[in-house]
Structures are given as C-alpha cells and as structure tokens.
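Below, each chain spelled out in residue letters.
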Amino acid sequence: MISHKSAWMDEELEIFSGSVAKFFEREAIPHNERWNREGKIDREFWNKAGDAGLLCVTIPAEYGGAGGDFRHEAVIVQQEQWLHFSGWGNGVHSGICAPYILAYGTEEQKKRWLPKLATGEMVAAIAMTEPGTGSDLQSVRATARRDGDHYVINGQKTFITNGQHADLIITVCKTGDIGGGAKNVSLVVVEAAQAPGFRRGRNLDKIGLHAQDTSELFYDDVRVPVENLLGGEEGRGFYQLMQQLPRERLIIALGAVAGMEAAVAETARYVKERKAFGKALLDFQNTQFVLADCKAEAVVARSFIDDYVVRLMKGELSPEEGAIAKLWACETQCKVVDKCLQLFGGYGYMMEYPIARMYADARVQRIYGGTSEIMRLLIARTL
Ligand SMILES: Cc1cc2nc3c(=O)[nH]c(=O)nc-3n(C[C@H](O)[C@H](O)[C@H](O)COP(=O)(O)OP(=O)(O)OC[C@H]3O[C@@H](n4cnc5c(N)ncnc54)[C@H](O)[C@@H]3O)c2cc1C
C-alpha cells in the first residue's frame, strides 16, 4: 500500500483500522467470491459486523452506536477498498441512513431505530431514485397521502442499495402535490416487516459491485403510522437530504482514494512478477512512467481528501467542496484504475484478477451519490 499517514489518523484509529482489517479478513474475504456470484452478502454478516462494533460507528453510545466520529467511518471505508471487499452497503446503512435518523429523528424515532441498526438487527436503505427520476430528485412521484393516523405510500423505487436485505427504508415521497417540487418532499421510514403492500423487485444485474444487493422496490398502498415521518414535520425532506450531502460525498471520495491506492499496490505487485521479452514488466520504462503517474495521482488525491476530512471534522466542509471532492476523486479513480488494468494485459480483463473487479466497481462512482455532471453543475453555480 502507498505509505502515508493521514493527518487525521491517531493511535486509537490505527488500532481500530487493524481490527477492522482482521474482521474483514476473517468474516468477509473467505466468502467474497461466493457473495459476488450470489449477488448479495450473507444477511448474518450484518449481525457479525454489529457484534464487532462496526455498524453505526458515528452514532452516540446512548443510541447503541460506537460513539465515534467521521474518521471511524473513513477507516472502515478505506479498509473495504484496500481488501477488495466492495459488496457491503455499510456506507448507506451506517454512513447515510443512521446519521439521517440521528440528525432529524425525534427522540422516540432515534430510540426506536438506531439501536437496531447498530446491532444489525435491522439493515437500512435510502430510497430516492425512481425509474423516471434520479438526478432531478424534486420530481419524485412516490406519494405518501395522509389517512387518519397513517400515511398511505404508493410508488416505485429503483437502484436501491441494500434493497434485498433492508428492513428499514427511508423513502423519499411527496406528502403534498406531486408537481409541488422540493417543498412537498418528505422522508418516510418504512419498516418492511410491518408494511403490507411493500414488495422487493429484482436484485439488479450490474456490471460491478456484484455482491451488493441493488434492487427495485414497490409500494402499493403501504400504510405506515404517521410517527414514521422522519422528524415529524412534512415538507422537510429535500432540506434534510441536501444537508447531509457533503458528508455522503466525502465518504464516496474517500472510497475513491483508497481504491486508487489499492489499484496501484496490486499493479506494482503484478508488474514485478510478470515477464515479457525476458524481463519484468516493471523494467520497461513505459510501465514505470504509467505507474509513477498513477501513484502521483493517488498521493495527490489522498492529500486533498485528507484535508477535506479535517475540514468536515471542524464543520467547515461546504456543499461545493463535497461536490469537488466527489467529482475529482471519482473521475481520477476511474482513470487510474483503467491505466493500471492496461498493465495487466489480457489478465486485466479477467474477473479472477482483482484489478478487473476494481475497474468494474469504480465505474459507478461517477454515477451514484449524484453524477459527475450534477457535481459540475453545483460547482459551476459558485463560480
Ligand atoms: C449501483 C448503484 C447504487 C445506487 N444506490 C442508490 C441508493 O441506495 N438509493 C438511491 O436512491 N439511488 C441509488 N442509486 C441511483 C443513483 O443515485 C442514480 O442512478 C443517479 O443519481 C443518477 O440518476 P439516473 O440514473 O436517474 O440518471 P439521470 O438523472 O437520468 O441522468 C442521466 C444522464 O444525464 C445527466 N444529467 C441529468 N441531469 C443533468 C443536467 N441537469 N445537466 C447535465 N447532465 C445531466 C446525468 O449526469 C447522466 O449522465 C444507485 C445507482 C447505482 C448504479
């Protein structure tokens, strides 16, 4: 691995990082191939991760979490990439859904849901995207109509991470007029076990992230108690989503940096071993130059994103910076991984080589969490 000690790491985090790596090596890596074939990880893995204290690390202990901060989340994301374990949707569960409930939930909602997310008794998902709308979130068509003490939800979602395993789905709905835009968007929590009319569709066949259960979800007259409206006030959903974006985008960017580091390490190993024309691939100047560029890009990305981690910790990271981080880190990751793959020749195209999986996995980084084009729009608005 590229040796670099992030400014935000300390001794406690180093120890935590080591224990995360050991946990993955013991509980995930031996099953990784099977999970990739089966299209999802074993459900029990979530409970094991909960027992090991790896779920909801940023959630305070009074709600069952580990009482850590963003850096603990970052450590987990990095280890996933370094160990080529891309199938776990914990970034959504612990990095997005639990913080939403912590930030906006009523006291009753936090006590009801967070402890279960922290143990893995419940797996969480966030359902924004619909077949007809992704980037333009204000145009969601799922509705939650008030009927006495309940909301009645109708609609369809797609591309939802953790969709097959999820027990708690934060669902983006319109509580008012469908055409009403942002002011009518609300987040309603659907508990799958208590929601007749809620149905999971296909576990979608993707070009990468094969062990992640990315799914369609259907809601047909799903009745949920009004107490499940996140924060208890209608029309706050869009604001709630926007508030969390810098943090979410930085998590994706960190994954991109660690992904580049893993690709460079994997490729450096390979080109030292593989021979062509009587010498190691690394002995060709082209190989040296290409890998030197890749390493330089990974190091620059690391230094840049580490700075933003520190800014986030101080509460200073702006939405624009979140967009810059995601745009640049994810675009650079795709370029770096592509150059690395080239150095593997035909083996780089074979899924049994980790670089092939990294290549396929990296591609979505420019799409989910807001596409690169949407990041550019956000940045351009600040020019
Ligand atoms: C593996 C995976 C996991 C995902 N997980 C989740 C999840 O857990 N929850 C969830 O809700 N969603 C999830 N998504 C959905 C993801 O967030 C969306 O796919 C993404 O936001 C883009 O929306 P879209 O697919 O509808 O594309 P569209 O919005 O239709 O965009 C199509 C193209 O048009 C471009 N475009 C759109 N608007 C503009 C504009 N104004 N200017 C310039 N270009 C524009 C886009 O950049 C893109 O290139 C996931 C997607 C994938 C692939």
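Residues numbered from 1 in each chain as written. Predicted model: local features only at pLDDT ≥ 70, side-chain atom pairs only at ≥ 80, totals over all residues.

Teacher, can you tell me more about the overall build of the chain here?
Along its length, the chain carries 11 helices and 9 strands. The C-alpha radius of gyration of the chain comes to 21 Å, within 12% of the 21 Å expected for a compact globule of 383 residues. Each of the three principal axes of the chain carries a C-alpha extent, and together these read 80 × 45 × 40 Å. Out of the 383 residues belonging to the chain, those deemed buried represent 46%. (Helix = DSSP H or I, 4+ residues; strand = E, 2+ residues; numbered from the N terminus. Rg over C-alpha atoms; globule rule 2.2 N^0.38 Å. Buried ≥ 20, exposed ≤ 12 C-beta atoms within 10 Å, placed from the backbone.)

For this particular structure, what's the right way to read the packing of helix H9 (residues 319-342) against helix H10 (residues 354-362)?
Geometry of a packed helix pair, given as the angle between the helix axes and the separation of the axes. At a minimum axis distance of 9 Å, the contact between H9 and H10 shows a crossing angle of 155°. Classified by the interaxial angle, the pair formed by H9 and H10 is roughly antiparallel. Like other packed secondary-structure pairs, H9 and H10 cross with a definite hand, here left-handed. Where H9 approaches H10, its residues Gln-333, Cys-334, Val-337, Asp-338, Cys-340 and Leu-341 are matched on the opposing element by Ile-355, Ala-356, Met-358, Tyr-359 and Ala-362. When the residues that make up the contact of H9 with H10 are grouped by side-chain class, the tally is 9 nonpolar, 1 polar and 1 charged. (Axes fitted to C-alpha atoms, helices over the stretch in contact; angles between N-to-C directions. Parallel < 35°, antiparallel > 145°, perpendicular 65-115°, else oblique. Left-handed = near helix turned anticlockwise from the far one by under 90°. Contact = placed C-beta atoms within 7 Å. Nonpolar A, V, L, I, M, F, W, Y, C, P; charged D, E, K, R; others polar.)

What's the story with the domain arrangement of the chain in this structure? I'm lost.
Accessible area lost during the coming together of the parts is what is often quoted as the interface size. Considered domain by domain, the chain is made up of domain 1 (11-119), domain 2 (124-235) and domain 3 (239-380). The straight-line distance from the C-alpha centre of domain 1 to that of domain 3 is 22 Å. Residue-level contacts link 17 residues of domain 1 with 17 residues of domain 3. Counting only elements with at least two residues in the side of domain 1 that touches domain 3, the list comes to helix H4 (70-82) and helix H5 (90-104). (Domains from an automatic or database assignment.)

What exactly am I supposed to notice about the site of the ligand here?
Around the ligand sit 21 residues in total, of which Met-128, Gly-134, Ser-135, Thr-371 and Glu-373 are the nearest. The class makeup of the residues in the shell around the ligand is 12 nonpolar, 7 polar and 2 charged. Residue contributions to the shell around the ligand reach at least three from each of two domains, namely domain 2 (124-235) and domain 3 (239-380). (Near = placed C-beta within 6 Å.)

Where do I start with the nonpolar core in this structure?
Soluble globular proteins tend to pack their nonpolar side chains together in the buried interior. Counting residues in hydrophobic clusters, the biggest one holds 102 residues, and the most contacted among them are Cys-97, Ala-124, Ile-153, Val-188, Ala-253 and Val-257. Of all the elements, helix H7 (residues 237-273) adds the most residues to this core, at 15 residues. Contact partners of Ala-253, with chain neighbours within four places excluded, come to Ile-305, Ala-325, Lys-326, Ala-329 and Cys-330. (Core = buried A, V, L, I, M, F, W, Y, C linked by C-beta atoms within 7 Å.)

Quick question: what am I supposed to make of helix H1 (residues 11-27) here?
An α-helical turn contains 3.6 residues, so any two residues separated by three or four positions project in the same direction. The end-to-end C-alpha distance of H1, which contains 17 residues, comes to 24 Å, matching closely the 24 Å that a straight helix rising 1.5 Å per residue would cover. Listing the buried residues of H1 in full gives Phe-16, Val-20 and Phe-24. Relative to the axis of H1, the buried residues are bounded by an arc of 75° and lie together on one face. Residues of H1 that are exposed and angled more than 90 degrees away from the buried face: Glu-11, Glu-14, Ile-15, Gly-18, Lys-22 and Arg-26. Buried residues in H1 make contact with H4. (Expected span 1.5 Å × (residues − 1). Arc of directions from axis to C-beta.)

Mind showing me how you'd approach the packing of H1 against H4 here?
Contact geometry of H1 with H4 gives a least axis separation of 9 Å together with a crossing angle of 40°. Taken together, the axis directions place H1 and H4 in an arrangement best described as oblique. In the packing of H1 onto H4, the handedness of the crossing is right-handed. In contact with Leu-13, Phe-16, Ser-17, Val-20, Ala-21 and Phe-24 of H1, H4 contributes Arg-71, His-72, Val-75, Ile-76 and Gln-79.

I would appreciate a short explanation of the pairing of strand E5 (residues 185-191) in the present structure.
The side chains of a regular strand alternate between both faces of the sheet. Counted residue by residue, E5 has 6 buried out of 7 residues, so it is predominantly covered. Bridge analysis of strand E4 (residues 168-174) against E5 gives 7 bridges, and the strand direction is antiparallel. Its bridge partner being in E5, Lys-174 is matched across the sheet by Val-185. (Pairing = 2+ DSSP bridges.)

Hey, could you run me through the environment of Glu-320 in this one?
Its place among the elements puts Glu-320 in helix H9. C-alpha separation for the pair Glu-320 and Arg-145, spaced 175 residues apart in sequence, amounts to 34 Å. For Glu-320, the residues in contact, after removing those within four places along its chain, are Leu-378, Ile-379 and Thr-382.

Before we go on, may I ask you to explain the pairing of strand E3 (residues 150-161) in this structure?
Relative to E3, strand E2 (residues 143-147) is paired through 5 bridges, and the arrangement is antiparallel. The residue of E3 that forms the bridge with Arg-145 is Val-152. Following E2, the chain reverses through 2 residues before pairing antiparallel with E3; Gly-148 in that reversal takes a positive phi of roughly 65°. Across 9 bridges, E3 lies against strand E7 (residues 214-225) in antiparallel orientation. Along E7, the bridge assignment pairs Ile-153 with Val-222.

Where do I start with unusual backbone geometry in this structure?
Across the chain, the bulk of peptide bonds are trans and the bulk of non-glycine residues have phi less than zero. For Phe-159, which is not glycine, the phi dihedral falls at a positive 65°. Relative to the elements of secondary structure, Phe-159 occurs in strand E3. Although it is not a glycine, Asp-221 sits at a positive phi angle of roughly 50°. Here Asp-221 lies in strand E7.

Could you clarify how one ought to interpret the environment of Ile-29 in this entry?
By secondary structure assignment, the location of Ile-29 is in the loop between H1 and helix H2 (32-38). The partly exposed category is assigned to Ile-29, around which 13 C-beta atoms lie within 10 Å.

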